[in-house]
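# Coordinates in review
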Amino acid sequence: MTLPGSPHVAYRGSELFVDDCRLSDLAQRFGTPLYVYSRRSMLAALAAYQRALVGRKHLLCYAMKANSNLAVLQTFARAGCGFDIVSGGELERVLATGGDPAKVVFSGVGKTRAEMQRALQAGVRCFNVESETELELLSKIATASQRTARVSLRVNPDVDAGTHPYISTGLKGNKFGIAHDQALAVYRRAARLPGLEVVGIDCHIGSQITDTSPYLDALDRLLDLVEAIEADGIATIHHVDVGGGLGITYTDESPPAADVLVMALLARIDARGHGHREVWFEPGRSLVGTAGVLLSEVLALKHGEQKNFCIVDAAMNDLVRPAMYEAWMGIVPCTLRDEAPRTYDVVGPVCESGDWLGRERALAVREGDRIAVLSAGAYGMVMASNYNTRPRAAEVMVDGDQAWLIREREEVRDLFARERLIE
Ligand code: LLP
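Here the structure is a predicted model, which is why all the values come from computation and not from measurement.

### A short note on the nonpolar core
The biggest cluster of nonpolar side chains holds 104 residues, and the ones touching the most others in it are Tyr62, Phe76, Phe83, Phe127, Ile201 and Val288. With 9 residues, the top contributor of residues to this core is helix 8 (residues 213–231). If sequence neighbours within four positions are ignored, phenylalanine 76 has contacts with Met42, Leu46, Tyr62, Cys81, Phe83, Leu287 and Val288. Within the second largest apolar cluster, 22 residues are counted, among which are Tyr11, Val18, Leu295 and Leu374.

Okay, here's the thing in structure tokens:
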């Protein structure tokens, strides 16, 4: 049986493995719910971007919002990767990992004064600015601290990424970026403000994109602007940052391979005479998504007249994508049984009807068995909550037959440690 997603997650006989680690063994050893990631799979995903960029001035910034565990960041930092951050908290994670601030881009639609100050002091490579207000505040902060902030404007190219509305970000109606038709004026303003150095242009049109054409459309819109900015003598644009967003295979999607996408973009950049500029990317999901699984134990099976429920110990608080976006994620047993499957809704213990991980799934499972939710490496653990006072899961990194606990399971007492009783 071949599974969608990473080749590093596969059955050997009737047992599901990540690399050379049997998932039933990991579940036994570390308990469930448990996130397991393959380091090899992450590095292979990064290598696809890197090989397409050989010989090019470029910067690959892992969008760490997808999975910000320190060991994941360490893996990418060691492989030469920079980071795309969206908060002061993410910056502290990069610094705690020993990541290089000179390879950090600071994105985000609402940066606070304190975050800007800290990022300036740390020496981030570039601020991806999303409004005129932010530009002015950054200029003030930089001037007051006698520093220069390198800036790029996040342009909203008004391109439909063809993805779920909650993860589509490059359309006129979105809160993100500076409207394309206002961008030239804002660049003019940026170039005049003290404490700022205009260095680039960026966009990010959405996530889980499975087609190359919206990227090419967005790139064309950016290059039009670059030409106008330079023709007017406003600034020199050193880099073009095309954001992240490349999709992965959860079921039957067939997104372009990262190297194919990158080469298509480079070809367009060259064809339009912009080959001398640096090209930056901010991939998140496509670097970590398929590398991870969420393991869970079957607590109970309920066979009803209308529906069967497979109640597992992982819930929407552990993995919210199905509940939040009606996202389809593969669910398979850790040990295959030679029995006829039944159709189940796979649900968690949280007191919400929206608490489901998969609907109408054919599974041959018994109580006490373990299941794996596939391609859960991105936007899984990072979006977990403590709803229903449920401690968050543990995380394990695997490489070959080695497994490291990279985040301890939370304990209930951690959850109310900062709360106080009153008189
Ligand atoms: N750059 C910026 C400015 C972003 O906002 C994002 C993601 C990325 C890069 C990385 O995009 P990626 O390569 O991962 O698609 N929670 C949602 C996805 C939200 C994406 C938010 N922005 C989900 O689970 O589908």
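### Observations concerning the pattern of salt bridges
One pass over the structure, following the stated rule, counts 29 salt bridges. The salt bridge involving arginine 40 is made with aspartate 399; its shortest N-O contact spans 2.6 Å. With a gap of 359 residues between them, arginine 40 in helix 2 (residues 39–52) and aspartate 399 in strand 20 (residues 394–399) connect regions that are remote in the sequence. Under the relative-accessibility criterion, arginine 40 is labelled partly exposed at 40%. Between arginine 337 and glutamate 339 there is a salt bridge whose closest N-O contact spans 3.7 Å. Here the salt bridges share partners, and the residues they tie into one network are Asp220, Asp224, Glu227, Arg268 and Arg272.

### Describing the site of the ligand
Taken together, 17 residues form the shell around the ligand, and within it Ser207, Glu282, Arg321, Tyr325 and Tyr379 come nearest. Between the ligand and lysine 65 there is a distance of 3.4 Å, counted from an oxygen atom to a side-chain nitrogen or oxygen. One of the side-chain N or O atoms of tyrosine 325 is found 2.7 Å from a nitrogen atom in the ligand. In isolation the ligand has 590 Å² of accessible area, and contact with the protein removes 91% of it. Tallied by class, residues from the shell around the ligand come to 6 nonpolar, 5 polar and 6 charged. For the shell around the ligand, the two domains that each supply at least three residues are domain 1 (9–38 + 289–415) and domain 2 (107–283).

### Concerning the domain arrangement of the protein
Taken domain by domain, the protein holds domain 1 (9–38 + 289–415) and domain 2 (107–283). Contacts between domain 1 and domain 2 engage 10 residues on the former and 8 residues on the latter. Summed over both partners, the interface of domain 1 with domain 2 buries about 730 Å², with 65% contributed by carbon and sulfur atoms. Inspection of the region where domain 1 meets domain 2 yields 1 residue pair in polar contact (both at pLDDT 80 or more).

### Description of unusual backbone geometry
The residue after threonine 32, namely proline 33, is reached through a cis peptide bond having omega -10 degrees. Residue position: proline 33 is located in the loop between helix 1 (23–30) and strand 4 (34–38). Residues other than glycine seldom take positive phi values, yet aspartate 19 does so here, at roughly 50 degrees. The residue aspartate 19 is located in the loop between strand 2 (15–18) and strand 3 (21–22) in this model. Its relative accessible area of 7% is what places aspartate 19 among the buried residues. Not every positive phi belongs to a glycine, and glutamine 208 is a case in point at roughly 55 degrees. Tracing the chain through its elements places glutamine 208 in the loop between strand 11 (196–202) and helix 8.

### What about the packing of helix 3 (residues 70–78) against helix 4 (residues 88–97)?
The contact between helix 3 and helix 4 brings their axes to 9 Å, and the two run at 65 degrees. For the pair helix 3 and helix 4, the sense of crossing is right-handed. Of the residues in helix 4, those in contact with Leu70, Leu73 and Gln74 of helix 3 are Arg93, Val94 and Thr97. Along the lines of polarity and charge, the residues of the contact of helix 3 with helix 4 split into 3 nonpolar, 2 polar and 1 charged.

Quick notes on the rules
- Residues numbered from 1 in each chain as written.
- Predicted model: local features only at pLDDT ≥ 70, side-chain atom pairs only at ≥ 80, totals over all residues.
- Heavy atoms only, no water.
- Core = buried A, V, L, I, M, F, W, Y, C linked by side-chain atoms within 4.5 Å.
- Buried < 20%, exposed > 50% of the residue type's maximum accessible area, 1.4 Å probe, protein only.
- Helix = DSSP H or I, 4+ residues; strand = E, 2+ residues; numbered from the N terminus.
- Contact = heavy atoms within 4.5 Å.
- Salt bridge = Lys/Arg side-chain N within 4 Å of Asp/Glu carboxyl O.
- Near = heavy atom within 4 Å.
- Polar contact = N/O pair within 3.5 Å; in protein donor to acceptor, adjacent residues only side chain to side chain.
- Areas by Shrake-Rupley, 256 points an atom, 1.4 Å probe, with all protein chains shown as cover.
- Nonpolar A, V, L, I, M, F, W, Y, C, P; charged D, E, K, R; others polar.
- Domains from an automatic or database assignment.
- Buried area = accessible area lost by both parts, 1.4 Å probe.
- Axes fitted to C-alpha atoms, helices over the stretch in contact; angles between N-to-C directions.
- Left-handed = near helix turned anticlockwise from the far one by under 90°.

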